[in-house]
Amino acid sequence: MKLLPISLLVFALAAAAAFAYDPSPLQDFCVAINDPKVFVNGKFCKNPKQVTADDFLFKGFRYQGNTANPLGSKVTPAFVDQFPGLNTLGISMARLDFAPGGLNPPHTHPRGTEILVVAEGTLLVGFVTSNQLNNTLLTKVLYKGDVFVFPIGLIHFQLNIGKAPALAIAALSSQNPGVITIANAVFGSKPPISADVLTKAFQVDKKVVDYLQAQFWYDNN
């Protein structure tokens with residue numbers, strides 16, 4: 001039997017380590033519990049002898065999210081904070097409800113790739129590549145049953161372009177993928193980013209920056 005070169009084996013091991021993101025579990029499960037006195041990279045484990053089936057059940061997707069807000073959308077996350085049974089499993093989900101014309105605004109998940117399936121309605125979705133690829137916009141109209149993937153860390157959005165409400169379900173490759181909504185982060189940070197920084201970055205008048213920073217940036221999560 002031919003053996004693989006050592007260099008190829010080393011590369012394969014390095015690649016496997018690089019592709020792993022959330023740490024792999026070292027036991028059957030690790031249901032999350034909160035300890036306000038200590039901060040760790042993840043969550044503490046509940047005593048496995050006290051774990052029940054309810055720790056692995058999330059009922060938050062049973063009901064439609066309230067889309068009566070400025071964005072016309074509502075994201076219901078099932079991340080580890082809402083669903084403790086996900087702890088150490090490297091996966092999470094979200095329900096996305098849209099009113100007609102509703103938008104899940106440009107945002108990024110710094111710790112997870114997102115894959116989304118349209119359950120009802122018609123969505124215009126897209127993501128923007130990195131500077132290295134000239135910030136190219138890749139966009140598509142999705143219909144019921146269509147699936148689209150948003151690579152980890154890239155800015156993306158979903159817009160309901162139909163005349164009826166829309167529903168999508170997303171899965172993410174982290175128990176805690178994080179969300180950074182671009183407008184909220186840039187113009188709604190606390191304390192605010194210096195107007196000198198933003199006027200030069202966006203090449204606009206200070207009055208425009210002052211106006212944007214004075215707005216209420218709604219969070220639909």
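Here the structure is shown first, and the text comes after it.
Residues numbered from 1 in each chain as written. Predicted model: local features only at pLDDT ≥ 70, side-chain atom pairs only at ≥ 80, totals over all residues. Heavy atoms only, no water.

Okay, unusual backbone geometry next. Residue Pro-191 is bonded to the preceding Lys-190 through a cis peptide linkage, with omega at -5°. With respect to the helices and strands, the residue Pro-191 is situated in the loop between helix H2 (182-187) and helix H3 (195-202). Its identity is not glycine, yet Asn-134 carries a phi of approximately 65°, on the positive side. Here Asn-134 lies in the loop between strand E7 (123-128) and strand E8 (137-142). (Helix = DSSP H or I, 4+ residues; strand = E, 2+ residues; numbered from the N terminus.)

Within the open sheet, the five strands sit side by side as E3-E4-E11-E6-E9. Their pairing is antiparallel. The open sheet is flanked by strand E3 (73-78) and strand E9 (147-150), the only strands paired with a single partner. Taking the axes of each pair of neighbouring strands and ignoring which way they run, one obtains an average angle of 20° across the sheet. Pairing between strand E6 (residues 114-120) and E9: four bridges, direction antiparallel. For Val-117, the partnering residue across the bridge sits in E9 and is Val-147. (Pairing = 2+ DSSP bridges. Axes fitted to C-alpha atoms, helices over the stretch in contact; angles between N-to-C directions.)

Another aspect to go through is the nonpolar core. One finds Leu-96, Leu-116, Leu-123, Val-125, Leu-142, Phe-148 and Phe-150 to be the most contacted residues of the largest nonpolar core, which totals 16 residues. Residues in contact with Leu-96, not counting those within four places in the same chain, are Lys-74, Val-75, Asn-104, Leu-116, Gln-158, Ala-166, Leu-167, Ala-168 and Ala-170. Of all hydrophobic cores here, the second largest spans five residues; its members include Val-186, Phe-187, Ala-195 and Leu-198. (Core = buried A, V, L, I, M, F, W, Y, C linked by side-chain atoms within 4.5 Å. Buried < 20%, exposed > 50% of the residue type's maximum accessible area, 1.4 Å probe, protein only. Contact = heavy atoms within 4.5 Å.)

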